[in-house]
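# Residue-level structural notes
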Amino acid sequence: MTDAATSPALDFIAKTVADHPVVVFMKGVPDQPRCGFSSVVVQILDHLGVEFVGVDVLQDEDLRQGVKTFTDWPTIPQLYVKGEFIGGSDIVREMFQSGELKTFLTEQGVIAA
């Protein structure tokens, strides 16, 4: 078993989050989410006009487990903005409904005001 701190999956996650302003680790891809929770996050980001990278965790079991380890968050999808873990589907939905998500994304410069 590889050391979690040096696993290729965790390295990939860290690099992906560093290289892209908005990343969703999800089941499926943005055009074809493979679970309702992933679909909700994609719909919210699309509605807000956010450009984002979707990473399908179903393609690789190490990645699927690694993303949970990376954030110490047990569920997928997971949204990252500018390297910061925001949350999963419920948190994203609550932030969207309250207007907090749009404000946050605007402040981060990933959507126009």
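Our subject is the structure that appears above.
This write-up is about the structure you can find in this document. (Residues numbered from 1 in each chain as written. Predicted model: local features only at pLDDT ≥ 70, side-chain atom pairs only at ≥ 80, totals over all residues. Heavy atoms only, no water.)

## Concerning the nonpolar core
Within soluble globular proteins, side chains that are nonpolar tend to cluster in buried spots. Rule in force here: Residues grouped as a nonpolar core are buried Ala, Val, Leu, Ile, Met, Phe, Trp, Tyr and Cys residues, joined through side-chain atoms within 4.5 Å. Type-normalised accessible area, obtained with a 1.4 Å probe on protein chains alone, sets the label of each residue: buried when under 20%, exposed when over 50%, and partly exposed for intermediate values. A run of DSSP states H or I qualifies as a helix once it reaches four residues; a run of E qualifies as a strand once it reaches two. Both are numbered from the N-terminal end.
Ranked by internal contacts, the top residues of the largest apolar core, which has 20 residues, are Val-22, Leu-45, Val-50, Leu-79, Leu-101 and Leu-105. At the level of secondary structure, the elements contributing two or more residues to this core comprise strand 1 (22–26), helix 2 (36–48), strand 5 (78–81), helix 4 (89–98) and helix 5 (100–107). Here the element with the most residues in this core is helix 2; it accounts for five residues. Leu-10, Val-17, Val-57 and Leu-63 belong to the second largest nonpolar core, which has eleven residues in total.

## Details of helix 1 (residues 8–19)
Heads up, the condition is: By this rule the span expected of a helix is its residue count minus one, scaled by 1.5 Å. Should any heavy atoms of two residues lie within 4.5 Å, those residues are considered in contact.
Taking 1.5 Å per residue, twelve residues should reach 16 Å; helix 1 reaches 16 Å between its end C-alpha atoms and fits that length. Contact partners of the buried residues in helix 1: strand 1, strand 4 (53–56), helix 3 (61–71) and strand 5.

## Considerations on the environment of Val-110
Structurally, the position occupied by Val-110 is in the segment after helix 5. Taking the relative accessible area as the measure of exposure, Val-110 reaches 18% and is therefore buried. Spatially, the C-alpha atoms of Val-110 and Lys-68 are 25 Å apart, while their sequence positions differ by 42 residues. Setting aside residues up to four positions removed in sequence, Val-110 forms contacts with Pro-21, Val-22, Lys-82 and Leu-105.

## Some details on the packing of aromatic side chains
Our working rule: Only centres within 6.5 Å qualify two rings of Phe, Tyr or Trp (six-membered ring in Trp) as a pair; their planes then separate them into stacked at under 30 degrees, edge-to-face at over 60, and tilted for everything else.
A full pass over the atoms with the stated rule returns four aromatic pairs. Note on Phe-25 and Tyr-80: the rings are 5.6 Å apart at their centroids and 85 degrees apart in plane angle, and the pair reads as edge-to-face. In this pair, Phe-25 is assigned in strand 1 and Tyr-80 in strand 5, connecting sequence segments 55 residues apart. Looking at Tyr-80, the relative accessible area reads 2%, which means it is buried. Aromatic ring contacts, followed pair by pair, group Phe-25, Phe-70, Trp-73, Tyr-80 and Phe-85 into a single cluster.

## Topic: unusual backbone geometry
Looking along the chain, the bond that leaves Ile-76 and enters Pro-77 is cis, with omega of 15 degrees. By secondary structure assignment, the location of Pro-77 is in the loop between helix 3 and strand 5. Its identity is not glycine, yet Asp-72 carries a phi of approximately 55 degrees, on the positive side. One can find Asp-72 in the loop between helix 3 and strand 5.

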